[in-house]
Amino acid sequence: MGTIDRLAPSGDLAVDYDRRHLALYAALLEADDAGGDWRDAASSLMQLDVTDCDAEACWRSHLERARWIVGDGLGSAIDAFNERRSAVIAE
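Just so it is clear, the model here is predicted, and its values are computed rather than measured.

Participant: Any chance you could explain the overall build of the chain here in plain terms?
Facilitator: Summing up its helical and strand segments, the chain has 5 helices and 0 strands in all. At a minimum sequence separation of 6, the contacts of the chain that also span at least 24 residues come to 55%. Split by element, the accessible area of the chain, about 5,700 Å² in all, is 50% carbon and sulfur.

Here it is as structure tokens:
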């Protein structure tokens, strides 16, 4: 899944970080939908030390970004990820 930033991206455009972390976003959504404790997801999925004072904010920002990607950001994500793929194919 790659290195996890302290906070997920924000804004109305999907970025490369989002593309690289789609699997994490899906896993976070699945864990949250299952009613799992944030500490379990942060620890197992993100390899965060949940005793760190910033761990919950990190987990929450990534979960919120995941929700945005599958909701209001879906169109932006499809456009951005398609452009990235087209650029790689053209090279």
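There's plenty left to go through after this.
Participant: What's the story with the packing of aromatic side chains in this structure? I'm lost.
Facilitator: Each pair of aromatic rings is reported with the distance of its centres and the angle of its planes. All chains considered together, the criterion is met by 1 aromatic pair. Centre to centre, the rings of Trp 38 and Trp 59 are 5.8 Å apart; their planes meet at 40°, and the pair counts as tilted. Of this pair, Trp 38 sits in helix α3 (residues 38-46) while Trp 59 sits in helix α4 (residues 55-70); the two residues are 21 residues apart in sequence, bridging distant segments of the chain. With a relative accessible area of 14%, Trp 38 lands in the buried category. For Trp 59, a relative accessible area of 8% puts it in the buried group.

Participant: Help me out: how do you make sense of the nonpolar core in this one?
Facilitator: If you look at soluble globular proteins, the nonpolar side chains tend to sit buried side by side. Within the largest apolar cluster, 21 residues are counted, with the highest numbers of intra-cluster contacts made by Ala 14, Tyr 25, Leu 28, Met 46, Trp 59 and Ile 69. Sorting the residues of this core by element identifies α2 (22-33), α3, α4 and α5 (74-90) as the ones contributing at least two each. A total of 7 residues in this core trace back to one element, the largest contributor, which is α4.

Participant: Can you help me understand the pattern of salt bridges in this one?
Facilitator: Side chains carrying opposite charge are able to pair once their charged atoms draw close together. One pass over the structure, following the stated rule, counts 6 salt bridges. Across the pair Arg 19 and Asp 16 runs a salt bridge whose closest N-O atoms are separated by 2.7 Å. Linking Arg 19 with Asp 16, this pair stays in helix α1 (residues 16-20), spanning 3 residues, or about one helical turn. On the basis of relative accessible area, Asp 16 is assigned to the partly exposed category, the value being 32%. A salt bridge links Asp 37 to Arg 39; the nearest nitrogen and oxygen atoms lie 3.0 Å apart. One network of salt bridges, with partners in common, ties together Asp 16, Arg 19 and Arg 20.

Parameters and conventions
- Residues numbered from 1 in each chain as written.
- Predicted model: local features only at pLDDT ≥ 70, side-chain atom pairs only at ≥ 80, totals over all residues.
- Heavy atoms only, no water.
- Helix = DSSP H or I, 4+ residues; strand = E, 2+ residues; numbered from the N terminus.
- Contact = heavy atoms within 4.5 Å.
- Areas by Shrake-Rupley, 256 points an atom, 1.4 Å probe, with all protein chains shown as cover.
- Phe/Tyr/Trp six-rings, centres within 6.5 Å; stacked < 30°, edge-to-face > 60°.
- Buried < 20%, exposed > 50% of the residue type's maximum accessible area, 1.4 Å probe, protein only.
- Core = buried A, V, L, I, M, F, W, Y, C linked by side-chain atoms within 4.5 Å.
- Salt bridge = Lys/Arg side-chain N within 4 Å of Asp/Glu carboxyl O.

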